[in-house]
Amino acid sequence: EDRSFPTALASCFAKYVRELMVHVLNDWFCARVPGLARTAGYYVEAMYFLTGEHREYEKLRGCFTRVVPHENFYWVDTKDCGRCLSRGAWQLGVRYDYLDLQDGNIDGGRVQDFTLGLNWFLNPNMKVQWNYVYTHRDAPNGTSSVVGAAGVPTNGIDGNTNGFGMRVCHDF
């Protein structure tokens, strides 16, 4: 029996509903705020558990449950067998993001991100995440008063950025 198809279908449906709600919210704001420009953006991602786990979708609550590793991570030194180790769950992910901030007389440029991520679920309540992000920016053609992180104006500067992030998440 293939249990992953209903989960994949529920995942696609949940993402579609979320995007539909964002679209409705954008329409609501555009109707009430004069001069508000509509911008466009999207992302596409794929995740794969290297250790065989999966993420369940809870139909009654309409949400995804937490990841439960087949084996919780532990590392124990014992006199009998030396080191005993259990791996937890490992997940690999890739994502592409695109954001177009140009509409009519608004020239905010375009940004593309490519992300490669690795998630390590030590147990159902704790995970460590690593992300490498490559960003390409097509700057607006006009002048800009936007100031970058180093205090330098970003007036029309195209470029690429590489970033690495890590976080530890623990919930109760």
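The notes below deal with the structure included here. (Residues numbered from 1 in each chain as written. Predicted model: local features only at pLDDT ≥ 70, side-chain atom pairs only at ≥ 80, totals over all residues. Heavy atoms only, no water.)

1. Side note on the overall build of the protein
Okay, so step 1: In terms of regular secondary structure, the protein is built from 1 helix and 9 strands.
Okay, so step 2: Listed N to C, the secondary structure of the protein is α-β-β-β-β-β-β-β-β-β in terms of helices and strands.
Okay, so step 3: Relative to its 172 residues, the protein shows a buried fraction of 19%.
Okay, so step 4: When the accessible area of the protein is evaluated, it comes to approximately 12,600 Å², of which 60% is carbon and sulfur surface. (Helix = DSSP H or I, 4+ residues; strand = E, 2+ residues; numbered from the N terminus. Buried < 20%, exposed > 50% of the residue type's maximum accessible area, 1.4 Å probe, protein only. Areas by Shrake-Rupley, 256 points an atom, 1.4 Å probe, with all protein chains shown as cover.)

2. Regarding the layout of surface pockets
Okay, so step 1: Here the largest pocket defines a volume of roughly 1,100 Å³.
Okay, so step 2: Among the elements of the structure, helix H1 (4-32), strand E1 (40-49), strand E6 (89-103), strand E7 (106-123) and strand E8 (126-138) are those that each provide at least two residues to the lining of the largest pocket.
Okay, so step 3: A class-by-class count of the residues in the lining of the largest pocket yields 11 nonpolar, 11 polar and 9 charged.
Okay, so step 4: Reported here for the second largest pocket is a volume of approximately 200 Å³.
Okay, so step 5: As for the second largest pocket, its lining consists of Glu 19, Val 22, His 23, Asn 26, Arg 38, Thr 39, Ala 40, Gly 41, Tyr 42 and Tyr 43.
Okay, so step 6: Of all the elements in the fold, those that place two or more residues in the lining of the second largest pocket are H1 and E1.
Okay, so step 7: Looking at side-chain class alone, the lining of the second largest pocket contains 4 nonpolar, 4 polar and 2 charged residues. (1 Å grid on protein atoms, 1.4 Å probe; cavity = no way out; pocket = protein on both sides within 12 Å on 5 of 7 lines; lining within 4 Å. Points joined across faces, edges and corners; volume = space filled by probe spheres on them. Nonpolar A, V, L, I, M, F, W, Y, C, P; charged D, E, K, R; others polar.)

3. Quick look at the packing of aromatic side chains
Okay, so step 1: Evaluation of the coordinates by the stated rule reveals 9 aromatic pairs.
Okay, so step 2: Between Tyr 96 and Phe 114, the ring centres sit 5.0 Å apart and the planes meet at 45°, which makes this aromatic pair tilted. Highlighted residues: Tyr 96 in strand E6 and Phe 114 in strand E7, separated in sequence by 18 residues.
Okay, so step 3: Through a chain of ring-to-ring contacts, the aromatic side chains of Tyr 42, Tyr 96, Tyr 98, Phe 114 and Tyr 134 assemble into a single cluster. (Phe/Tyr/Trp six-rings, centres within 6.5 Å; stacked < 30°, edge-to-face > 60°.)

4. As for the sheet that holds E8
Okay, so step 1: The 5 strands are arranged E1-E6-E7-E8-E9 in an open sheet whose pairing can be described as antiparallel. The open sheet has two free edges, formed respectively by E1 and strand E9 (159-170), since each of these has just one partner strand. The sheet shows a mean angle of 15° between the axes of neighbouring strands, direction not considered.
Okay, so step 2: Where E1 meets E6, 10 bridges bridge the pair, whose relative direction is antiparallel. (Pairing = 2+ DSSP bridges. Axes fitted to C-alpha atoms, helices over the stretch in contact; angles between N-to-C directions.)

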